[in-house]
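Understanding the architecture of this molecule
The residues making up each chain are set out below.
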Amino acid sequence: MNIVALIPARSGSLGLKNKNIKIFNKKPLIYYAIKAAQQSKLINKIIVSSDSKKILKISKGYGASTFLRPKKYSTSKSTDLEVIKNFIKDTKIQIDIMVFLRPTNPFRTGNDID
């Protein structure tokens, strides 16, 4: 079974600019979502979806695969469903289960995901 973690991380946060790569406890916030997915015993693939090449580069450095999301799916009005549908349509990856992990929870663990 192919279990994919999709981590959405757009660049245009309204409340806190670049929040997904703000440093928290000496690491960018997105690191914690990637790390938790890596700790999961069930997830086969971790993909960060973003409109920001900078976020994607940082994510790749922590071992995630990346997907450059079109700007039209990276606005404050974009829904999670639009982001997921675009990812599935454009990547053609066989997915049996998708785990949608927001990068704004640094306290999640692999056990929480499992």
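Above this text is the structure in question.
Residues numbered from 1 in each chain as written. Predicted model: local features only at pLDDT ≥ 70, side-chain atom pairs only at ≥ 80, totals over all residues. Heavy atoms only, no water.

**Focus on the pattern of salt bridges**
- Across all of its chains, the model carries 3 salt bridges by this definition.
- Of the charged contacts, one joins Lys-71 and Asp-51 as a salt bridge, the two residues approaching to 3.3 Å between their closest N and O atoms. You can see Lys-71 sitting in the loop between β5 (65-68) and α3 (80-91) and its partner Asp-51 sitting in the loop between β4 (45-50) and α2 (53-61), a full 20 residues away along the chain.
- Residue Lys-71 is classed as exposed on the basis of its relative accessible area of 56%.
- Overall, Asp-51 belongs to the buried group, its relative accessible area being 10%.
- With a shortest N-O distance of 2.4 Å, Asp-80 and Arg-102 are connected by a salt bridge. On the criterion of sequence distance, the pair formed by Asp-80 in helix α3 and Arg-102 in the loop between β6 (97-100) and α4 (110-113) is long-range, its members being 22 residues apart.
- Judged by relative accessible area, which is 32%, Asp-80 ranks as partly exposed. (Salt bridge = Lys/Arg side-chain N within 4 Å of Asp/Glu carboxyl O. Helix = DSSP H or I, 4+ residues; strand = E, 2+ residues; numbered from the N terminus. Buried < 20%, exposed > 50% of the residue type's maximum accessible area, 1.4 Å probe, protein only.)

**Quick look at the sheet that holds strand β1 (residues 3-8)**
- Pairing within the open sheet is parallel, and its 4 strands lie in the order β5-β4-β1-β6. In this open sheet, the two edge strands, each paired with only one partner strand, are β5 and β6. The sheet shows a mean angle of 30° between the axes of neighbouring strands, direction not considered.
- Pairing analysis gives 4 bridges linking β4 to β5, with the strands arranged parallel. Residue pairing in the sheet places Val-48 in a bridge with Thr-66 of β5. (Pairing = 2+ DSSP bridges. Axes fitted to C-alpha atoms, helices over the stretch in contact; angles between N-to-C directions.)

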